[in-house]
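Structure assessment
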Amino acid sequence: MLIQSGMDWNIFFSVLDPDPSAPCNSISEFKTGKLTDYQTVIDFGKSCDLLTIEIENVNIVALKELVKQGKKVFPQPEVIELIQDKRKQKQFYQENNIPTAQFVLTESKQDVIAKRSFLPAVNKLGREGYDGRGVQILRSEKDLEKSFDAPGLLEKLIDFEKEISVIVARNEDGETKTFPAVEMVFHPEANLVEYLFSPASISQSVAGDADRIARKIISDLEMVGLLAVEMFVTRDQQVLVNEIAPRPHNSGHQTIEANVTSQYQQHLRAVLNLPLGDTSIISPSAMVNLLGEEGYSGHAKYNGLEEVLKQPGVYVHLYGKKLTKPFRKMGHVTIVDTDIEKLKKKTNFVRQTLKVTT
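Quick caveat: nothing in here was measured; it's all calculated off a predicted structure. (Residues numbered from 1 in each chain as written. Predicted model: local features only at pLDDT ≥ 70, side-chain atom pairs only at ≥ 80, totals over all residues. Heavy atoms only, no water.)

The first and last C-alpha atoms of helix α7 (residues 204-221) sit 26 Å apart over 18 residues, in line with the 26 Å expected at 1.5 Å per residue. All buried positions along α7 are accounted for by V206, G208, A210, I213, A214, I217, I218 and L221. Considering only its buried residues, α7 is in contact with α4 (77-84), α5 (86-95), β9 (160-170), β10 (176-178), β13 (225-234) and β14 (239-245). E222, located one to two residues past α7, shows a positive phi value of around 55°. (Helix = DSSP H or I, 4+ residues; strand = E, 2+ residues; numbered from the N terminus. Expected span 1.5 Å × (residues − 1). Buried < 20%, exposed > 50% of the residue type's maximum accessible area, 1.4 Å probe, protein only. Contact = heavy atoms within 4.5 Å.)

As structure tokens, this is what we get:
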């Protein structure tokens, strides 16, 4: 989707991906290789003027070396390094007076068990958690067996009213712009976004707090690029930061149709130090993630596609992934409508009708 956005501006893309059949292999200069391998990243980066990321799990030492060699890397390697480790991420919030859930660091499963008095809590792996992996909810002592036996943290389980996300962009000149907050609904098992609504149904006060927090984080990091800030809204209307992601994000897919500037074009504007685009909402919208159905693994088949395409204001984006498996992100659907009730009705129709099987 970033490449599709860049095509309008004659931007030439090279892509490094470990999967030879990655969806972007036919629309870019494509190279297969491990993102965590030092020499692979160095060799790839030498041919690029500017490097950006689509996933945080990349070799930071190589990116820092490329910066030394005069390459531009956005977001900066130091920012990616911080966000790679949820422990460092939480400490950053604490040190910079950014509101977040109370937490304690843990070193092992035994350490989690020893801190049982902190329950109910969320046990998170420090590193390499992604899309719901590396996260366990520990409500009581009987859940302690699920604890991670690796460095991580325990975070107080928040009784929240909503989960929201604000996407913020910053260019090299320091210009900063936010997208209006969206409201996310997570899949109860897969622990990833199932669908969302834009704008979020929140008070002006909460929206203002969320906007200020997102701006503060990207400014404190001095980050260049696009940053998604996922937050909890508590029962007493406090806004707490959950996690951040330094890249175009699931909670911004709807911007392609529903906002004046898409998150993808905004990311390009930020890393190329161009004026940032207008983030205003054109229409209220929803975004439904197309996840592989449980019990199906193999070549993907999209059931109900024609029925969904008959609906006005429905935009289907398939990601070109040939193989599906349970909960794999295979695409998304944006739904737009000025009537909120109609929007919700169409969203439910899409969720119930379009299924990814084999």
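The next point concerns the sheet that holds strand β7 (residues 135-138). The strand order across the open sheet formed by 4 strands is β5-β8-β6-β7, and the pairing between neighbours is antiparallel. Each of the sheet's edge strands pairs with one partner strand only, and the pair in question is β5 (103-106) and β7. Across the sheet, the mean angle separating the axes of adjacent strands is 20° when strand polarity is ignored. The sheet contact formed by strand β6 (residues 121-125) and β7 spans 4 bridges and is antiparallel. Directly across from K124, in β7, lies its bridge partner V135. Against the sheet, α5 makes contact with β5, β6 and β8 (152-156), and its axis sits at roughly 145° relative to β5, the strand it touches most. (Pairing = 2+ DSSP bridges. Axes fitted to C-alpha atoms, helices over the stretch in contact; angles between N-to-C directions.)

Here the focus is helix α11 (residues 340-353). Compared with an ideal rise of 1.5 Å per residue, which puts 14 residues at 20 Å, α11 spans 20 Å between its outermost C-alpha atoms and is within 8% of the ideal. Where α11 begins, the side chain of D339 points an oxygen toward the backbone nitrogen of E341, at a separation of 3.0 Å. (Polar contact = N/O pair within 3.5 Å; in protein donor to acceptor, adjacent residues only side chain to side chain.)

Interpretation in functional terms is not warranted from these geometric data alone.
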